[in-house]
Structures are given as structure tokens and as C-alpha cells.
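# Overview (structure and organization)
Here is what each chain is made of, one letter per residue.
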Amino acid sequence: MTPHNRAKMGDIAQTVLMPGDPLRAKFIAENFLEDVTLFNDVRGMLGYTGTYNGKKVSVMGSGMGAPSIGIYSYELIHFYGVKNLIRIGSCGAYSDKLKLYDVVVAMAASTDSNFAHQYKLDGTYSANCSWELLRKTYEASKKQGVDINVGNVFCSDIFYNASADEWKKWAKMGVLAVDMESYALYCNANYAGVNAITILTVSDSFNFEEKTTAEERQKSFTTMMKLALEIA
């Protein structure tokens, strides 16, 4: 066990879906998995293991921001032997081509975070997803008839930015959307030599005022959830 996870070795599958919201983890476990067991509730960060189409799969919340997912993903990798981490979260659209509920797959993540400073690299690290999981996601999207938008996302440490137009600079560089977790997840996975990918659903946009509610983000992003479960 760790300070943040009471699971024992073997309680967690080698593939873990990681929504930011622990209640989204609960929703997935109750609606998509069979033979479900709760392996963690420390600090309210719910984690479940069950089966999906006969495959052992776990789902666990990550919390918000790079520090939070940095802790949980590190422990899953190094203390519980997890090999595949699939973030399923919400994002704010930078691209004016994206609409509410569109699915974004983060091939890479840019950031304003200092997370990669720990590696003492003489340059700017480009954090990317696993090619194996990206290929599986593409193939699963075709099988399920889901249109996906693949590209770069911006992983920000700041939710309420004092520089209101800062996002436009990233949009100019072709960045599709913003989240707060992908960069740390990719760094942890790449450094440890395991697989990770982020699949996001557009919950709001910097180009229009319409947005989803908290309940919709928790319960209605099922296209993304099914896509993630297919590649688990």
C-alpha cells in the first residue's frame, strides 16, 4: 500500500483508465464493468477493478492537475505494475473546428508546467503518447464509427489565467485543446517505459460560450469511455 492507495498487489489490472473525477470512475465501474471490486477510497480517490468483455480492467480517478496525476500514475506504475494508463478527461477547445462532445486524442502534450525539470534535461522535453495505444485508439475509432481529432494538446498548470488571451498563442501553433494532466502522465510513462494515452471530450471552448455541466461531464462522455475500454 501507499499513502494514497490502499490496494494490494494484484488488486489492480495492468491497464487502468484514469478520469480526473473519481465519480466518473464510479460511473464507469457501475455501468460498464462486471464483477467489480473497490480497491481504493483513500482521500475519496475511488478506484475499481472489474472485467470488460472478459478483460481485467481498472478505473481510478486522478484528480486535477499535473501534481495529482503525477502522484497517482507514478504509484500505479512503480508500486502496482501497471503497464497501460489511459487518461479519459474533459478539455477546453482551442481550435475553432472543435464542437462540444468532440473527441480529442493527445498525440503529444505541450505545457507551462515545470514537471519535466526533475529529469535535468538540457532542453524542452516533448511529451508524447504511446504509439501502441495511439494505433489501437485509431483502429477502435474506425470500428466504433467515432470521429477523433488527433494532435497536440496544451497541459496547463493554470485554470483561471490572468492573461485571458494566452490561449491564442497556442492555438496559433496548432494546439487543439487544453487539459491539466496529460504532460505529467506522459512524462511518468515515458520515463518508466510503459504506455500512456489521453482521450478527451470537449466540455467547453474558448471560441464560444456553450459548455457542459458537471453532471454531463460525469455521466454523458460515454463515447470516450467506450473507446478507452475497447483499447484496454
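Note that this is a predicted model, so its numbers are computed, not measured.

Here we take up the pattern of salt bridges. Evaluation of the coordinates by the stated rule reveals ten salt bridges. Across the pair Glu30 and Lys26 runs a salt bridge, and its minimum N-O distance is 2.7 Å. You can see Glu30 and its partner Lys26 sitting in helix α1 (residues 22-32), four residues apart, about one turn around the helix. For the salt bridge of Lys136 with Glu132, the shortest nitrogen-to-oxygen distance reads 3.6 Å.

In terms of nonpolar packing, the biggest core is built from 72 residues, with Leu17, Leu76, Leu85, Ile86, Tyr186, Ile197 and Ile199 touching the most fellow members. If sequence neighbours within four positions are ignored, Ile199 has contacts with Ile86, Arg87, Ile88, Gly89, Val103, Val104, Thr137, Met224, Leu227, Ala228 and Ile231. Core analysis: the second largest hydrophobic core is formed by five residues, Phe154, Trp167, Val175 and Val178 among them.

With that out of the way, let us pick up the packing of aromatic side chains. Scanning the entire structure with this criterion turns up eight aromatic pairs. On the basis of an interplanar angle of 40° and a centroid distance of 5.8 Å, the ring pair of Tyr94 and Trp167 is categorised as tilted. With Tyr94 in the loop between β5 (84-93) and β6 (103-111) and Trp167 in helix α4 (residues 166-172), this pair connects stretches of sequence that are 73 residues apart. Exposure remark for Trp167: the relative accessible area of 11% places this residue in the buried category. Cluster of aromatic residues (ring-pair linked, three or more members): Tyr94, Trp167 and Phe206.

Reading the values: rules and limits
Residues numbered from 1 in each chain as written. Predicted model: local features only at pLDDT ≥ 70, side-chain atom pairs only at ≥ 80, totals over all residues. Heavy atoms only, no water. Salt bridge = Lys/Arg side-chain N within 4 Å of Asp/Glu carboxyl O. Helix = DSSP H or I, 4+ residues; strand = E, 2+ residues; numbered from the N terminus. Core = buried A, V, L, I, M, F, W, Y, C linked by side-chain atoms within 4.5 Å. Buried < 20%, exposed > 50% of the residue type's maximum accessible area, 1.4 Å probe, protein only. Contact = heavy atoms within 4.5 Å. Phe/Tyr/Trp six-rings, centres within 6.5 Å; stacked < 30°, edge-to-face > 60°.

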